[in-house]
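Next come the chains, spelled out residue by residue.
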Amino acid sequence: MKTIKTISEMQDCRKTLAEPVGFVPTMGYLHGGHISLVRKAREENVSVVVSIFVNPKQFGPNEDFEKYPRDLQGDLEILEEEGVDAVFAPEAAEIYPQDFNSRVEVLGITQKLEGNCRPGHFRGVTTVVNKLFNIVRPQRAYFGQKDAQQVIVIQKMVKDLNMNLEVITCPTIREEDGLAMSSRNIYMNPEERQSAIVLYRSLMLAQDMYQRGERDTGAIRKEMVRLIKTEELARIDYVSVADPATLDELDMITGKALVSLAVKFGKTRLIDNVVLG
Ligand code: PAF
């Protein structure tokens, strides 16, 4: 497995990789969710490239860029074990040199949900993912359903800009008690970690209501909020039942619906979702 720090080395390495190339962009501190993406990429492609880059442009000024967990050595050991061909792990100055002055932005859907709570976040994501796609030139790129809006935004960018690759969404990987795996889970103390199980329970409640025939999203949201609020430590940013294509809030569910939420436990902000229908 090659560990690569510069764009030119990555581009040279890419020329030697047998195609198709599967690509898993990450911010490192790898967990079961990332590993499932790498395994899917390994299954479906001849070569696999993983990037590890904590992208400063997708963090707001008061967010956790500085304290975002990092463990490059541990990540490399995991990826070696998974049979990855190349890991691209550049420094910020390599990706954003001093004269860097461009951005890539999907409009509309990026203003809702996460975009509404984290202004500029998706512009940072699409800018870096666009650069990574240009550098790695994969045939397929793999993202987790846990960041549902991120995948929708990236799919829109790929379609709108006629980018020549397939975006593949892989299921959310959960801890035994249902908490979605996330690099940020380690921020929580034991009480917060215990309380956070309510997120999965509230999503399962929504699914259960839907399966029993409920289509009124007001009723579903209300029950989810009520359940989440039974946990004293939970602070809700949003609970949404939206159209998965436009991310507009739905009144009634007639087709598919993306039920998503963002909730803080202390300083840790978690997101999760489930698709109904
Ligand atoms: O999902 C992530 O880890 C990041 O948003 C991504 C896609 C690697 C871009 O920095």
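Owing to the predicted nature of the structure, the values given are computational and were not obtained by experimental measurement. (Residues numbered from 1 in each chain as written. Predicted model: local features only at pLDDT ≥ 70, side-chain atom pairs only at ≥ 80, totals over all residues. Heavy atoms only, no water.)

### Observations concerning the site of the ligand
In the neighbourhood of the ligand, the contacting residues comprise Pro25, Thr26, Met27, Asn55, Gln58, Val128, Val129, Phe143 and Gln150. At 2.6 Å, a side-chain N or O of Gln58 approaches an oxygen atom of the ligand. In this structure, an oxygen atom belonging to the ligand sits 2.7 Å away from a side-chain N or O atom of Gln150. In the complex, the protein chains occlude 89% of the 290 Å² of accessible area that the ligand would expose alone. (Near = heavy atom within 4 Å. Polar contact = N/O pair within 3.5 Å; in protein donor to acceptor, adjacent residues only side chain to side chain. Areas by Shrake-Rupley, 256 points an atom, 1.4 Å probe, with all protein chains shown as cover.)

### A few points about the environment of Arg42
For Arg42, the position within the fold is in helix α2 (residues 32-44). Engagement of the side chain of Arg42 in a polar contact is seen with the backbone oxygen of Gly83, the distance being 2.5 Å. (Helix = DSSP H or I, 4+ residues; strand = E, 2+ residues; numbered from the N terminus.)

### Considerations on the pairing of strand β5 (residues 140-144)
As paired strands, strand β2 (residues 21-26) and β5 are joined by 2 bridges and run parallel to one another. Opposite Phe23, over in β5, you have Ala141 as the bridge partner. Note that the unit made of β5, helix α7 (residues 148-160) and strand β6 (residues 166-170) has a crossover that is right-handed. (Pairing = 2+ DSSP bridges. Right-handed = clockwise from strand over helix to strand, strands pointing away.)

### Observations concerning the packing of aromatic side chains
Summed over the entire model, instances satisfying the criterion amount to 6 aromatic pairs. Ring plane angle 75 degrees and centroid distance 6.3 Å describe the contact between Phe23 and Phe133, whose orientation is recorded as edge-to-face. Here Phe23, found in strand β2, pairs with Phe133, found in helix α6 (residues 121-136); they are 110 residues apart in sequence, far enough to count as distant. Judged by relative accessible area, Phe23 falls into the buried class, the value being 0%. By relative accessible area, Phe133 is classed as buried at 5%. The interplanar angle of 65 degrees and the centroid separation of 5.4 Å between the aromatic rings of Phe59 and Phe65 together place this pair among those described as edge-to-face. Given the relative accessible area of 9%, Phe59 is considered buried. You can call Phe65 partly exposed: its relative accessible area is 22%. An aromatic cluster of at least three residues, connected via ring pairs, comprises Phe23, Phe133 and Phe143. A cation over a ring is seen here: Arg70 above Phe65, with NZ or CZ 5.0 Å from the ring centre. (Phe/Tyr/Trp six-rings, centres within 6.5 Å; stacked < 30°, edge-to-face > 60°. Buried < 20%, exposed > 50% of the residue type's maximum accessible area, 1.4 Å probe, protein only. Lys NZ or Arg CZ within 6 Å of the ring centre and 35° of its normal.)

### Some thoughts on the sheet that holds strand β9 (residues 268-276)
Strands sit in the order β7-β8-β9 across an open sheet of 3 strands; the sheet is antiparallel. A single partner strand is all that each edge strand has here, and the edge strands are β7 (234-242) and β9. Strand-to-strand twist in this sheet, taken as the mean axis angle between neighbours without regard to direction, amounts to 10 degrees. Judged from the 9 bridges that link them, strand β8 (residues 257-265) and β9 form a sheet pairing that is antiparallel. Bridge pairing links Ala262 to Ile271 in β9. The sheet contacts of helix α10 (residues 217-229) involve β7 and β8, and relative to β7 the element is tilted by about 160 degrees. (Axes fitted to C-alpha atoms, helices over the stretch in contact; angles between N-to-C directions. Contact = heavy atoms within 4.5 Å.)

### Some details on helix α3 (residues 72-81)
The set of residues buried in α3 consists of Gly74, Asp75, Leu76 and Leu79. Downstream of α3 by one or two residues, Gly83 has phi in the positive range, about 75 degrees.

### Structural notes on the sheet that holds β2
Strands sit in the order β1-β4-β3-β2-β5-β6 across an open sheet of 6 strands; the sheet is parallel. The sheet terminates laterally at β1 (2-4) and β6, the two strands that pair on one side only. If you compare each strand with its neighbour and ignore which way they point, the axes differ by 25 degrees on average. When β2 meets strand β3 (residues 47-52), the two strands line up parallel, connected through 6 bridges. By the bridge assignment for β3, Val21 is matched with Ser47.

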